[in-house]
Amino acid sequence: MSTVAEYYKKLADEMQSLRDAGTYKELRYLQTPMDAYTEMEGYGRTMIMSSNNYLGLSNLPEVKEAGKAGIDKYGAGTASVRFICGTFDIHRELEQEIASFLKTEACLTYVSCWSANESAIPVACGAEGVVISDELNHASIIDGCRLIAKGVQKARYKHSDMADLEAQLKQFPNAPVRLIVTDGVFSMEGDVAKLPEIVALAKKYEALVMVDESHATGVIGKTGRGTAEYYGLEGQIDIISGTLGKALGGAAGGFVAGRKCFVEALIQKSRPQLFSNALPPTVACSALAALRVLEREPERAQRLRDKASYLRNKLKEAGFKPLDGDGAIVPIIVGDDAFAISISNKLLKKGLFVTGFGFPVVPRGTARIRCQVSDALELKDLDWAVEQFKEVGKEVGLI
Ligand SMILES: Cc1ncc(COP(=O)(O)O)c(C=O)c1O
């Protein structure tokens, strides 16, 4: 029988081997709010180009004031699950606003989009359905697929490969429900899902479509309403999940929007709703304020996209090969995990925070530096960032 002491020794050895391999993920501590620049412990004033603070709203006075007013009005929380002990009217107000923003019938919030995905997928599939998921979907979708009932079948299609999706759909003609699930903007690639083709296949094979809009809301679509707006498919997506922890204020929180009866089913059946507390009311208030900023000033989304394409072009001019995309994610594939992390560390020493991602976040051999543009950044900031990239890129032989 192995001892507890042996267990901890093995775990500590494993962590040390990550450090030795240069793939250990260090936590960086910020001492001032998330914004274009922040004070980072040990590094001083640092420019942020790896946050999902796409619209730069996390430190907007209007958003912060709403959060403060929320805690004064509602206190810290209900200290319970919504159905057991009540829910705040601000949750309903936020949910109605998200539903109308996305042109869906209804919406339900969760403490995170992670919870939202883990809720929506099992509920949608019921006892005997089938879920068909893009192979590059976010980990929360992958885990949501793991939580399906025993009788539900799972299939994966090659990334954005519509022939493969159709082949998968053909395999399950008798399932009571077929659910196709995809990221709207893929979190590590930055590309946009082929929603028109997916919707057409869904119609042909009587399937539901679920889209995770975490990196699309506030970013793509003329007024920042995401992938459905980008393709002119508003009102045609069955289930939309999203986060309040990125463009919409950046605190935390997630949601599922869709048909009224589906949202009712989530209230009745989804386990994170039945067994876990609601979104803190202060976050509901700040997220609602952020959403209203976007509704009032939709030009923020276009400005963000212009900045992202500016960065993409400047990096290309400098000799890098960022992946193409219409969102605000600009990844540069460098191959090896430790190499990606070492580039990120070198940039950080120069005052630029851009994270390097390796396995298991991305497939082996495709480690990358993922730049994320925020509307908080100005063009001169992006120019400066490209200069830092050039210096480091030459030093490590990337350009
Ligand atoms: C596509 C996608 N879905 C879901 C999530 C999880 O969002 P949250 O932080 O709200 O749990 C993320 C976060 O990185 C994401 O990128």
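Criteria and cut-off values
- As a convention, each chain's residues are numbered from 1 in the sequence order in which they are written.
- With pLDDT at 70 or above as the cut-off, local features in this predicted model cover only qualifying residues; side-chain atom pairs require 80 or more to be listed or tallied, and sums for whole chains, interfaces and linings still use all residues.
- Each side-chain value is derived from all of the structure's non-hydrogen atoms; neither hydrogens nor water enter the calculation.
- Think of it this way: any DSSP run of H or I at least four residues long counts as a helix, any run of E at least two long counts as a strand, and we number them from the N terminus.
- Residue burial is assigned from relative accessible area. The probe radius is 1.4 Å, only protein chains are included, and a residue is buried under 20% of its type maximum, exposed over 50%, and partly exposed in between.
- Throughout, a residue-residue contact means that at least one pair of heavy atoms, one from each residue, lies within 4.5 Å.
- All accessibility values rest on the Shrake-Rupley procedure with a 1.4 Å probe; residue burial counts only the protein chains present in the view.
- Whether a residue is near a molecule or strand depends on its heavy atoms: it is near if one of them lies within 4 Å of it.
- Under the rule applied, a polar contact is a pair of N or O atoms within 3.5 Å (in protein, one hydrogen donor and one hydrogen acceptor; residues adjacent in sequence only if both atoms are side-chain atoms).
- Residues are grouped as follows: nonpolar covers Ala, Val, Leu, Ile, Met, Phe, Trp, Tyr, Cys and Pro; charged covers Asp, Glu, Lys and Arg; every other residue, Gly included, is treated as polar.
- Here, strands pair whenever DSSP counts at least two bridges between them.
- The working definition used for a salt bridge is a side-chain nitrogen of Lys or Arg within 4 Å of a carboxyl oxygen of Asp or Glu.
- Under this scheme, a helix contributes an axis fitted over its contacting stretch, all axes are lines through C-alpha atoms, and angles between N-to-C directions fall in the 0 to 180 degree range.
- To sort the angles, those under 35 degrees are grouped as roughly parallel, those over 145 as roughly antiparallel, those from 65 to 115 as roughly perpendicular, and the leftovers as oblique.
- A domain assignment, automatic or from a database, supplies the domain bounds used here.
- For any pair of parts, buried area is found by adding up, for both, the accessible area (1.4 Å probe) each one loses once the two are put together.
- Think of a patch as exposed residues, more than 30% relative accessible area, with no salt bridge, where like charges cluster within 9 Å and nonpolar side chains (Val, Leu, Ile, Met, Phe, Trp, Tyr) cluster within 5 Å.
- In a helix, the anticipated span is given by 1.5 Å times the number of residues less one.
- Note that the arc is defined by the directions from the helix axis to the C-beta atoms.

Student: Looking at this structure, how should I read the overall build of the protein chain?
Tutor: In terms of regular secondary structure, the protein chain is built from 15 helices and 13 strands. Along the longest, intermediate and shortest principal axes, the C-alpha atoms of the protein chain span 55 × 55 × 50 Å. The 399 residues of the protein chain split such that 54% are buried. If you take every contact in the protein chain between residues at least 6 apart in sequence, the share linking residues at least 24 apart comes to 70%. When the accessible surface of the protein chain is totalled, it reaches about 17900 Å², and 53% of it is carbon and sulfur.

Student: Would you take a moment to explain the site of the ligand for this structure?
Tutor: Taken together, 13 residues sit near the ligand, with Cys-113, Asp-212, His-215, Thr-243 and Lys-246 positioned nearest. Contacts to the ligand include Asp-212, whose side-chain N or O atom sits 2.5 Å from a nitrogen atom. The side chain of Lys-246 places a nitrogen or oxygen atom 2.8 Å from an oxygen atom of the ligand. In the complex, the protein chains occlude 80% of the 390 Å² of accessible area that the ligand would expose alone. When grouped by side-chain class, the residues that make up the shell around the ligand number 2 nonpolar, 8 polar and 3 charged.

Student: How should the sheet that holds strand 1 (residues 37-40) be read in this particular structure?
Tutor: Strands in a sheet are paired, the pairing made by backbone hydrogen bonds, and the direction either parallel or antiparallel. Spatial strand order, 1-2-11: 3 strands in an open sheet with mixed pairing. Both outer strands of the open sheet, strand 1 and strand 11 (352-353), are each paired with one neighbouring strand and no more. Here 2 bridges tie strand 2 (residues 44-48) to strand 11, and the two strands are oriented parallel to one another. Residue Ile-48 lies in a different strand from strand 11, and its bridge partner there is Phe-353.

Student: Quick question: what am I supposed to make of the pattern of salt bridges here?
Tutor: It is possible for side chains of opposite charge to pair when their charged atoms get near one another. In this structure the tally under the stated criterion is 22 salt bridges. Between Lys-103 and Glu-234 there is a salt bridge; the shortest N-O distance is 3.6 Å. Taken together, the positions of Lys-103 in the loop between helix 4 (89-102) and strand 3 (106-110) and Glu-234 in the loop between helix 9 (227-230) and strand 8 (239-243) put the pair 131 residues apart, joining distant regions of the chain. On the basis of relative accessible area, Glu-234 is assigned to the partly exposed category, the value being 27%. One salt bridge in this structure joins Glu-297 and Arg-296, with 2.8 Å as the shortest N-O distance. Among the charged side chains, a network of salt bridges with common partners joins Glu-62, Arg-296, Glu-297 and Arg-300.

Student: Quick question: what am I supposed to make of the packing of helix 5 (residues 113-125) against helix 10 (residues 260-269) here?
Tutor: Any two packed helices are characterised by how steeply their axes cross, that is the angle between the axes, and by the distance between the axes. Viewed as axis vectors pointing N to C, helix 5 and helix 10 meet at an angle of 105 degrees, and their least axial separation amounts to 10 Å. One element, helix 5, and the other, helix 10, form an angle in the roughly perpendicular class. Contacts from Ser-119, Ala-120, Val-123 and Ala-124 in helix 5 reach Phe-262, Ala-265, Leu-266 and Lys-269 in helix 10. Residues that form the contact of helix 5 with helix 10 fall into these classes: 6 nonpolar, 1 polar and 1 charged.

Student: Could you clarify how one ought to interpret unusual backbone geometry in this entry?
Tutor: Keep in mind that most residues, glycine aside, have a negative phi and that most peptide bonds are trans. Across the junction of Phe-359 and Pro-360, the peptide omega takes the value 5 degrees, indicating a cis bond. For Pro-360, the position within the fold is in the loop between strand 12 (355-357) and strand 13 (367-372). Even without being glycine, Lys-103 reaches a positive phi, approximately 60 degrees.

Student: Quick question: what am I supposed to make of the pairing of strand 3 here?
Tutor: Regular strands have side chains that alternate between both faces of the sheet. By the criterion of burial, strand 3 is predominantly enclosed, with 5 of the 5 residues buried. Across 5 bridges, the pairing between strand 3 and strand 9 (residues 254-258) is antiparallel. Pairing of Ala-106 across the sheet is with Gly-258, part of strand 9.

Student: I tried to follow the domain arrangement of the protein chain on my own but got confused; where do I start?
Tutor: The extent of an interface is frequently quoted as the accessible surface area lost upon association of the parts. Considered domain by domain, the protein chain is made up of domain 1 (22-51 + 298-396) and domain 2 (61-296). For domain 1 and domain 2, the distance between their C-alpha centroids amounts to 27 Å. Opposite the 20 residues of domain 1 that make contact, domain 2 presents 21 residues. Carbon and sulfur atoms make up 60% of the surface buried where domain 1 meets domain 2, a total of about 1500 Å² over both sides. Ranking the residues of domain 1 by area buried against domain 2 places Pro-298, Arg-305 and Ile-329 at the top, with a combined share of 33%. One can count 1 salt bridge joining domain 1 with domain 2.

Student: What am I meant to see in a nonpolar patch on the surface here?
Tutor: Judged by side-chain polarity, Val-4, Tyr-7, Tyr-8 and Leu-11 come together as a nonpolar surface patch covering roughly 430 Å² of accessible area. Checked against the element boundaries, Val-4 lands in helix 1 (residues 4-21).

Student: I tried to follow helix 14 (residues 337-349) on my own but got confused; where do I start?
Tutor: Residues lying three or four places apart along an α-helix face the same way, a consequence of the helix completing one turn every 3.6 residues. The first and last C-alpha atoms of helix 14 sit 19 Å apart over 13 residues, in line with the 18 Å expected at 1.5 Å per residue. Among the residues making up helix 14, those that are buried are Asp-337, Ala-340, Ile-341, Ile-343, Ser-344, Leu-347 and Leu-348. Relative to the axis of helix 14, the buried residues are bounded by an arc of 155 degrees and lie together on one face. You can read the cap of helix 14 off the contacts: a side-chain oxygen lies 3.3 Å from the backbone nitrogen of Ala-338, and it is on Asp-336.

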